[in-house]
Structure formats: structure tokens, C-alpha cells
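Descriptive analysis of the structure
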Amino acid sequence: MSDKYEGEFYCVKCKAKRTATGNIEVNAKGTRMAKGKCPVCGTNLNRILGKA
Ligand SMILES: [Zn+2]
């Protein structure tokens, strides 16, 4: 399974919202997380999407 998420992430480095595409991963607690990369500074971005 390789779901993609495309949408807004908050970049803590830029202190701004960025639109990026990331892979959706599910952690041990069953929470879906989108993991992307800031297109401006390259920082890893995480967004919690909720329970799977
Ligand atoms: Zn950034």
C-alpha cells in the first residue's frame, strides 16, 4: 500500500504552510501520517491525518 497525500503541511522551519506531496504511513498506534518534504527548504514535513 502506497497511498499519497497531496495538500497542506506546516513547515516548522519556514513557519508557513506549504503544499507538498507525501507518502502516507501508519504508525504503531494506527494513526495515519503523511510525510512530505518542504519544497522551499527541504525540511521533512509531517501531518497527522487521523486514525486509519
Ligand atoms: Zn520549509
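Above this note sits the structure.
The residue numbers shown here count from 1 along each chain, following its written sequence. For a predicted model such as this one, the threshold for reporting local features is a pLDDT of at least 70, and the threshold for listing and counting side-chain atom pairs is 80 or more; totals across whole chains, interfaces and linings nevertheless cover every residue. Processing note: side-chain calculations cover all non-hydrogen atoms of the structure and skip hydrogens and water entirely.

Some thoughts on the coordination of the zinc ion
The protein atoms that coordinate the zinc ion are Cys11 (SG), Cys14 (SG), Cys38 (SG) and Cys41 (SG), at distances spanning 2.2 to 2.4 Å. The rule for donors is simple: an N, O or S atom within 2.8 Å of the metal counts, and for Na, K and Ca the reach is 3.2 Å. Water is not among the atoms, so a site may look short of donors. The rule is simple: four donors are tetrahedral if all their angles sit between 85 and 135 degrees, four are square planar and six octahedral if opposite donors span more than 155 degrees and the others lie between 65 and 115, and anything that fits none of that is irregular. Seen from the zinc ion, its 4 donor atoms lie at angles of 105 to 114°, and the figure they make is tetrahedral. All donor residues of the zinc ion come from one chain, and their arrangement in sequence is C-x2-C-x23-C-x2-C. In this scheme, a residue with accessible area under 20% of its type's maximum is buried, one over 50% is exposed, and one in between is partly exposed, where area comes from a 1.4 Å probe on protein chains only. On the accessibility criterion, cysteine 41 (34% relative accessible area) is partly exposed.

So, unusual backbone geometry
Unlike most non-glycine residues, lysine 15 shows phi in positive territory, near 55°. The helix count covers DSSP runs of H or I at least four residues long, the strand count covers runs of E at least two residues long, and both are numbered beginning at the N terminus. When you line up the elements, lysine 15 lands in the loop between strand 1 (4–11) and strand 2 (16–26). Take lysine 15: its relative accessible area is 64%, and that puts it in the exposed class.

Points about the nonpolar core
Definition of nonpolar core: a set of buried residues of the types Ala, Val, Leu, Ile, Met, Phe, Trp, Tyr and Cys, connected through side-chain atoms within 4.5 Å. Grouped together as the largest cluster of nonpolar side chains are 8 residues: Tyr5, Phe9, Cys11, Ala20, Ile24, Ala34, Cys38 and Leu45. At the level of elements, strand 1 and strand 2 are the ones that each hand at least two residues to this core. Examining the composition of this core, we find that 3 residues originate from one element, strand 1, more than from any other.

Notes on the pairing of strand 1
At least two DSSP bridges between two strands are needed for those strands to be called paired. In this sheet, strand 2 lies alongside strand 1 in antiparallel orientation, the contact comprising 8 bridges. Along strand 2, the bridge assignment pairs lysine 4 with asparagine 23. A loop of 4 residues connects strand 1 with strand 2, the two strands running antiparallel in sequence, and lysine 15 in this loop sits at a positive phi of about 55°.

A look at the pattern of salt bridges
By salt bridge we mean one thing: a side-chain nitrogen of Lys or Arg within 4 Å of a carboxyl oxygen of Asp or Glu. Overall, the coordinates contain 2 salt bridges when judged by the stated rule. Across the salt bridge formed by glutamate 8 and lysine 17, the nearest N and O atoms sit 3.9 Å from each other. Residue glutamate 8 is classed as partly exposed on the basis of its relative accessible area, which comes to 39%. According to the relative accessible area criterion, lysine 17 is exposed, its value standing at 57%. Between glutamate 25 and lysine 35 there is a salt bridge; the shortest N-O distance is 3.7 Å. Taken together, the residues glutamate 25 in strand 2 and lysine 35 in strand 3 (residues 31–37) connect sequence positions 10 residues apart. We classify glutamate 25 as partly exposed; its relative accessible area is 38%.

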